[in-house]
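# Structure at a glance
So you can see what is in the structure, the chains are spelled out below.
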Amino acid sequence: MVWAMIIGVLLLMVAPVMWLKPSPRQRRIAPLRNAAAKAGVKVKLETPPLHGIGTAMPGYRWSYPVESPGPRFLLVRDSDASNALKPFLAGWRWRIEPLRALPDDAREPLEALLMRLPQDALVVESSEHGITLWWWESQGAERFLTYVADFRRLRDALAGHADRPPATRAFGEREGAIPPKPDL
């Protein structure tokens, strides 16, 4: 009986330590996220822009320069998209299409990326702040780093092509005119 109590106490002491041990998935993802951070990619767990998914999903963001915001668009993989959405490329549909056509130097890297992204990459989103890849992190750091240069090329090609004009002018004001100072 004493031995059973000793074993029980030891198990109670070891159990919390076992909970702190990282899972195989956590051990695989840590180097991936570290490599992404070293490459200048921001990684966050947030709710993705998909209908019916309320859980957090990893988003990998390549930021646009503050002075050169990018266009707004959202591409969804066919497996998670409605058939009512407009097709873009084999396997991808527009959920939000850009207001203006993408420049040719951006369209080519976007198409190349979409063709080689893993099957768990569900969304490619661009906002005025950056391009975000929403995926379930199925690949390792080495494979992920093969996408980094292509995403940078795409980001650089889209930078400065925001959907909204950079500054508004008052009605009736000439373009390039200096606005009058308000009376104080």
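Treat the numbers as computed from the prediction; the structure is a model and nothing was measured.

### Brief notes about the packing of helix H3 (residues 104–116) against helix H4 (residues 141–158)
Their axes nearest at 8 Å, the elements H3 and H4 cross at an angle of 155°. Classed by the angle they form, the pair H3 and H4 counts as roughly antiparallel. Where H3 crosses over H4, the two elements pack in a sense that is left-handed. Two secondary-structure elements touch here, H3 through Asp 105, Ala 106, Glu 108, Pro 109, Leu 110, Leu 113 and Arg 116 and H4 through Arg 143, Thr 146, Tyr 147, Asp 150, Phe 151, Arg 153, Leu 154, Ala 157 and Leu 158. For the contact of H3 with H4, the residue count by class is nine nonpolar, one polar and six charged.

### Some details on the nonpolar core
Of all hydrophobic cores here, the largest spans 30 residues; its most connected members are Tyr 60, Leu 110, Leu 117, Leu 133 and Phe 144. Of all the secondary-structure elements, those providing two or more residues to this core are helix H2 (24–38), strand E2 (57–63), strand E3 (73–77), strand E5 (92–96), H3, strand E6 (121–126), strand E7 (130–135) and H4. Broken down by element, this core gets its largest block of residues, seven residues, from H4. Dropping the residues within four chain positions of it, Leu 117 is found in contact with Arg 77, Trp 92, Val 124, Leu 133, Tyr 147 and Phe 151.

### Brief notes about the packing of aromatic side chains
The description of an aromatic ring pair rests on the distance of the ring centres and on the angle between the ring planes. Enumeration over the complete set of coordinates arrives at seven aromatic pairs. Joined through ring pairs, the aromatic side chains of Tyr 60, Trp 62, Trp 135, Phe 144 and Phe 151 make up one cluster.

### Regarding the side chain of Gln 139
For Gln 139, the position within the fold is in the loop between E7 and H4. A distance of 2.9 Å separates the side chain of Gln 139 from the side chain of Tyr 147, its partner in a polar contact.

### Description of the environment of Leu 89
By the element assignment, Leu 89 lies in strand E4 (residues 86–89). Here Leu 89 falls in the partly exposed class, since its relative accessible area comes to 21%. When the C-alpha atoms of Leu 89 and Arg 77 are compared, they prove to be 9.6 Å apart, with twelve residues separating the residues in sequence. Beyond its immediate sequence surroundings of up to four residues, Leu 89 is in contact with Glu 111, Leu 114 and Met 115.

### Looking at the layout of surface pockets
Here the idea is plain: a probe the size of a water molecule rolls over the atoms and shows the empty space left. Approximately 170 Å³ is the volume found for the largest pocket. Elements with a minimum of two residues in the lining of the largest pocket: strand E1 (42–46), E2 and E7. For the lining of the largest pocket, the element with the most residues is E1, which contributes four residues. Grouping the amino acids of the lining of the largest pocket by side-chain chemistry returns two nonpolar, three polar and four charged.

### Some remarks on the packing of H2 against H4
As a packed pair, H2 and H4 sit with axes 9 Å apart at the nearest point and diverge in direction by 25°. With respect to their mutual orientation, H2 and H4 come out roughly parallel. H2 and H4 meet at a crossing whose hand is right-handed. Residue-level inspection shows Pro 31, Leu 32, Ala 35 and Ala 36 of H2 in contact with H4, the latter providing Ala 141, Phe 144 and Leu 145. For the contact of H2 with H4, the residue count by class is seven nonpolar, no polar and no charged.

### So, H4
An ideal rise of 1.5 Å per residue puts 26 Å on 18 residues; H4 measures up with 25 Å between its terminal C-alpha atoms. Those residues of H4 not exposed but buried are Ala 141, Phe 144, Tyr 147, Val 148, Phe 151, Leu 154, Arg 155, Ala 157 and Leu 158. Along its buried surface, H4 packs onto H2, E2, E3, H3 and E7. Gly 160 sits one or two positions beyond H4 and adopts a positive phi of about 90°.

Cut-offs used in this document
- Residues numbered from 1 in each chain as written.
- Predicted model: local features only at pLDDT ≥ 70, side-chain atom pairs only at ≥ 80, totals over all residues.
- Heavy atoms only, no water.
- Axes fitted to C-alpha atoms, helices over the stretch in contact; angles between N-to-C directions.
- Helix = DSSP H or I, 4+ residues; strand = E, 2+ residues; numbered from the N terminus.
- Parallel < 35°, antiparallel > 145°, perpendicular 65-115°, else oblique.
- Left-handed = near helix turned anticlockwise from the far one by under 90°.
- Contact = heavy atoms within 4.5 Å.
- Nonpolar A, V, L, I, M, F, W, Y, C, P; charged D, E, K, R; others polar.
- Core = buried A, V, L, I, M, F, W, Y, C linked by side-chain atoms within 4.5 Å.
- Buried < 20%, exposed > 50% of the residue type's maximum accessible area, 1.4 Å probe, protein only.
- Phe/Tyr/Trp six-rings, centres within 6.5 Å; stacked < 30°, edge-to-face > 60°.
- Polar contact = N/O pair within 3.5 Å; in protein donor to acceptor, adjacent residues only side chain to side chain.
- 1 Å grid on protein atoms, 1.4 Å probe; cavity = no way out; pocket = protein on both sides within 12 Å on 5 of 7 lines; lining within 4 Å.
- Points joined across faces, edges and corners; volume = space filled by probe spheres on them.
- Expected span 1.5 Å × (residues − 1).

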